[in-house]
Amino acid sequence: LIAAQAGLTCHIAKIMHKKGSPMSQYPIDVTDSITIAAPKALVYQVVSNYPATGTWFPPMQVEFLGGATAIAPGVEVHHRYSQMGITMSDFVRRIQQVTPNEEIIETYDRGSMKGNGVWRFTEANGITTASYLCQVDATSAFNKMVFRILGNSAHSGVYKKLLLALKAHCEALAKTQK
């Protein structure tokens, strides 16, 4: 109820399959989204500043690799998600495409997951919807088993918390910028 009041929605990515077309190859194939009372340019700016993620969502520590200072195609971004001092996932995403204030397309290239991710930002009447499509599989045998058992709920459990933190951070910033 509280999450629903916060504007959080979780939409399982439903893929329409034509007869004979393959199902998703990823055990996690989900879109998590939230509505935020802030301009999409501000929300995009916060999300695209990957190294600052840990300031508003401490379990996720993120850094640019190779001397990069901003997102751009080809930039690698190292993510480490921890809970109670235990690293739950550790992976590198590569930025594939950036459309400022609209979309960030990335691939999970190394580490505990492989696959694809897409951030999307839309705005209507001053309210931004930020969504993240995640299509991944684990790289270790143990995590592959966990992904197959827990699937989308494993990802959404983390992203619900991340998106609520993003919402709180962006809405607080938006108030200071009025």
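Residues numbered from 1 in each chain as written. Predicted model: local features only at pLDDT ≥ 70, side-chain atom pairs only at ≥ 80, totals over all residues. Heavy atoms only, no water.

A.B. asks: Please explain the packing of aromatic side chains as it appears in this structure.
C.D. replies: Two descriptors summarise a pair of aromatic rings, namely the distance from one centre to the other and the angle between the planes of the rings. Counted according to the given criterion, the structure contains eight aromatic pairs. Here Phe91 and Tyr108 contribute two aromatic rings whose centre-to-centre distance is 5.1 Å and whose plane-to-plane angle is 35°, an arrangement assigned as tilted. You can see Phe91 sitting in strand β5 (residues 86–99) and its partner Tyr108 sitting in strand β6 (residues 103–111), a full 17 residues away along the chain. You can call Phe91 buried: its relative accessible area is 3%. Judged by its relative accessible area of 3%, Tyr108 is buried. Ring geometry for Trp119 and Tyr159: centres 6.3 Å apart, planes at 45°, overall tilted. One end of the pair, Trp119, is in strand β7 (residues 113–124); the other, Tyr159, is in helix α5 (residues 152–176), and 40 residues separate them in sequence. Like Trp119, the residue Tyr159 is buried in the burial classification. One aromatic cluster in this structure is built from Tyr44, Trp119, Phe121, Tyr132 and Tyr159. (Phe/Tyr/Trp six-rings, centres within 6.5 Å; stacked < 30°, edge-to-face > 60°. Helix = DSSP H or I, 4+ residues; strand = E, 2+ residues; numbered from the N terminus. Buried < 20%, exposed > 50% of the residue type's maximum accessible area, 1.4 Å probe, protein only.)

A.B. asks: Help me understand the pairing of strand β2 (residues 28–36), please; the structure alone is not making it clear to me.
C.D. replies: Successive side chains on a regular strand alternate, one facing one side of the sheet and the next facing the other. Of all nine residues making up β2, eight are buried, and the element is well covered by its neighbours. Relative to strand β8 (residues 127–138), β2 runs antiparallel, the two sharing nine bridges. Within β8, the residue paired with Thr35 across the bridge is Thr129. (Pairing = 2+ DSSP bridges.)

A.B. asks: It is not clear to me how the nonpolar core should be interpreted in this structure. Could you clarify?
C.D. replies: The nonpolar side chains of a soluble globular protein tend to be buried with one another. By size, the foremost hydrophobic cluster in this structure holds 41 residues, and its most contacted members are Val43, Tyr50, Ile104, Trp119 and Leu166. Per element, the largest residue contribution to this core is eight residues, and it comes from α5. (Core = buried A, V, L, I, M, F, W, Y, C linked by side-chain atoms within 4.5 Å.)

A.B. asks: Whenever I open this one, the side chain of His79 confuses me. Can you help?
C.D. replies: Of note, His79 is situated in strand β4 (residues 76–83). Within the structure, His79 has its side chain in polar contact with the backbone oxygen of Val77 (distance 3.2 Å). If sequence neighbours within four positions are ignored, His79 has contacts with Tyr50, Met60, Gln61, Val62, Ser89, Asp90, Phe91 and Arg93. (Polar contact = N/O pair within 3.5 Å; in protein donor to acceptor, adjacent residues only side chain to side chain. Contact = heavy atoms within 4.5 Å.)

A.B. asks: Got a minute to help me understand unusual backbone geometry in this structure?
C.D. replies: Trans peptide bonds make up the majority, and among non-glycine residues the majority have a negative phi. Positive phi, close to 65°, is recorded for Asn101, a residue that is not glycine. Residue position: Asn101 is located in the loop between β5 and β6. Located in the positive-phi region is Asn125, a residue other than glycine, with phi close to 55°. Within the secondary structure, Asn125 sits in the loop between β7 and β8. A residue is classified by how much of its surface remains accessible, and Asn125, at 83% relative accessible area, is exposed.

A.B. asks: I would appreciate a short explanation of the pattern of salt bridges in the present structure.
C.D. replies: Oppositely charged side chains are able to pair whenever their charged atoms sit close together. Going through the model one piece at a time under the given rule, you end up with ten salt bridges. Among the salt bridges present, the one from Lys40 reaches Glu102, with a minimum N-O distance of 2.6 Å. With a gap of 62 residues between them, Lys40 in helix α2 (residues 40–48) and Glu102 in the loop between β5 and β6 connect regions that are remote in the sequence. Assessed through its relative accessible area of 17%, Lys40 is described here as buried. Among the salt bridges present, the one from Asp109 reaches Arg94, with a minimum N-O distance of 3.1 Å. Separated by 15 residues along the polypeptide, Asp109 in strand β6 and Arg94 in strand β5 bring together distant segments of the chain. The exposure class of Asp109 is partly exposed, given its relative accessible area of 24%. (Salt bridge = Lys/Arg side-chain N within 4 Å of Asp/Glu carboxyl O.)

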